[in-house]
Amino acid sequence: MLRLVSLKLGRLYRYVKLAVLGSLAAALVLNTHSLLASLQRNELSERRFLQLNKCPACWGTSWCRKFLNGQLRLESWGRLRLLDFFNVKNVYFARYGEPREGSRRVVLKRLGSAQELADIDTKICRRATGRGRCDLLQALPATEFASLNGDVRLLTPGAVEGWSDLVHCPSQRLLDRLVRRYAETKDSGSFLLRNLKDSERMQLLITLAFNPEPLVLQSFPSDEGWPFAKYLGACGRMVAVNYVGEELWSYFNAPWEKRVDLAWQLMEIAEQLTNNDFEFALYLLDVSFDNFAVGPRDGKVIIVDAENVLVADKRLIRQNKPENWDVWYESKFDDCDKEACLSFSKEILCARVTVDHNYYAVCQNLLSRHATWRGTSGGLLHDPPAEIAKEGRLEALLDECANPKKRYGRFQAAKELREYLAQLSNNGR
């Protein structure tokens, strides 16, 4: 009986797959003329495609000249709008050309799905007019995004706390950093909010509330050694970032030596984001193989999705001394049935100086036998060589890092794991 059911389900799946492929083929035939037209024109130079008309309810305008001058072009398949149905995240690959530098690959992001972007417009309209549709430019002045006008000197925690993960528990020091490094203004470098134009302030606040990834990339830039993709600029509701390379997932079955090196880099990233000279702890709340990429030339691991990053100011925690602020916090192991599970409390991350969250996230979701992704298990360090498997040290450290048996065991395991992986990959210092 079970075999009969499975056979029927298998046939049904094949029929559905064939139906979808047939529908796509029919759509391609029926829309041949429009498809050829879309391949010939450069939509990245069109204001409507960029949603430039939404500004200042957008991400910025610093790269508009490059877009509108035709310096960016979508790569071949990215020009087919029929494929947008599968591009739920609204991420595009394009070529960016400079007269003296030639062309290079960049990644373009709308920072949300079509529905999420439409929800922004609806939310703005409802807050301003009580209706779901309106003229955005007329509605914006009646929202909280325009409340911080030219008379306001600083962006303060009370004004934006809780708007997104980035500012779940902001300090004044963090907010001054966000304003001072805001790249969508010609006069960057000042932490004074009033030095920004009205439109720039609204763009900053809307980005902060909706998807703060651009602000993370700007405030903790790759040029200063932070492990994030490089922010390039924006036009309307399209952000450009540097193309890093293939996602980490494509290295799941790479040679053992390569995977060991990548694992070591991931643990180094966890350490850097947790403990650094700036005393900002950057906690990764969404950790999966798709959120990291690897440079093809230098083999460097980079974070390419920084939407869900919580920043805690350790200096502020030491100053305010909330309850148990100096007690080491151990993240709870989450043995759930879903992919990329993480268990955490934002309130605790904001209130403790010593936290093992980043080690836990990397070990559980990427490296250990508990990591599951796209139907696989075993993590990045699956199937080690026989001599390493026989020794047992790697498996023991990974297990303790993911699901510690001893109190504060993850802290010690993470330290030893970094050192052990450095030895295995010849990255010892």
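For the structure itself, look to the data block above.
Residues numbered from 1 in each chain as written. Predicted model: local features only at pLDDT ≥ 70, side-chain atom pairs only at ≥ 80, totals over all residues. Heavy atoms only, no water.

**Quick word on the side chain of His382**
Among the structural elements, His382 can be located in the loop between strand 12 (376-377) and helix 15 (386-391). On the accessibility criterion, His382 (12% relative accessible area) is buried. Here the side chain of His382 touches Phe252 through a polar contact of 2.7 Å, landing on its backbone oxygen. Polar side-chain contacts of His382 include one of 3.0 Å to the side chain of Asp383. Apart from the residues within four sequence positions on either side, His382 is in contact with Phe252, Asn253, Trp256 and Arg259. (Helix = DSSP H or I, 4+ residues; strand = E, 2+ residues; numbered from the N terminus. Buried < 20%, exposed > 50% of the residue type's maximum accessible area, 1.4 Å probe, protein only. Polar contact = N/O pair within 3.5 Å; in protein donor to acceptor, adjacent residues only side chain to side chain. Contact = heavy atoms within 4.5 Å.)

**Here we look at the sheet that holds strand 4 (residues 231-235)**
Pairing is antiparallel in the open sheet, where five strands are placed in the order 1-2-3-5-4. Lying at the two open borders of the sheet, with one neighbouring strand each, are strand 1 (72-74) and strand 4. If you compare each strand with its neighbour and ignore which way they point, the axes differ by 35° on average. (Pairing = 2+ DSSP bridges. Axes fitted to C-alpha atoms, helices over the stretch in contact; angles between N-to-C directions.)

**Concerning helix 14 (residues 357-367)**
Taken across its eleven residues, helix 14 has eleven buried, putting it largely inside the fold. Of all the positions in helix 14, only His357, Asn358, Tyr359, Tyr360, Ala361, Val362, Cys363, Gln364, Asn365, Leu366 and Leu367 are classed as buried. Close packing links the buried residues of helix 14 with helix 11 (256-274), strand 7 (280-284), strand 8 (292-294), helix 13 (346-349), helix 16 (393-402) and helix 17 (409-424).

**Details of the pattern of salt bridges**
Under the counting rule described, the total for this entry stands at 19 salt bridges. Close ionic contact of Glu75 with Arg105 constitutes a salt bridge, the shortest N to O distance being 2.9 Å. Here Arg105 lies in strand 3 (residues 102-109) and Glu75 lies in the loop between strand 1 and strand 2 (91-98), a separation of 30 residues in the sequence. Given a relative accessible area of 26%, Arg105 falls into the partly exposed group. The residue Asp313 makes a salt bridge to Arg173 at a minimum N-O spacing of 2.7 Å. Taken as a pair, Asp313 in strand 10 (residues 309-313) and Arg173 in helix 8 (residues 172-180) lie far apart in primary sequence, 140 residues in all. Asp313 sits in the buried class, given a relative accessible area of 6%. Overlapping salt bridges, with partners in common, bring together Lys54, Asp121 and Arg237 in one network. (Salt bridge = Lys/Arg side-chain N within 4 Å of Asp/Glu carboxyl O.)

**Brief notes about the pairing of strand 10**
In terms of residue burial, strand 10 counts as a mostly covered element, since five of its five residues are buried. Of the two faces of strand 10, the one lined by Val309, Val311 and Asp313 and the one lined by Leu310 and Ala312 are each fully buried. Strand direction decides the pairing type here: strand 7 and strand 10, joined by five bridges, are antiparallel. Each residue of the ladder has a partner; that of Leu284, found in strand 10, is Val309.

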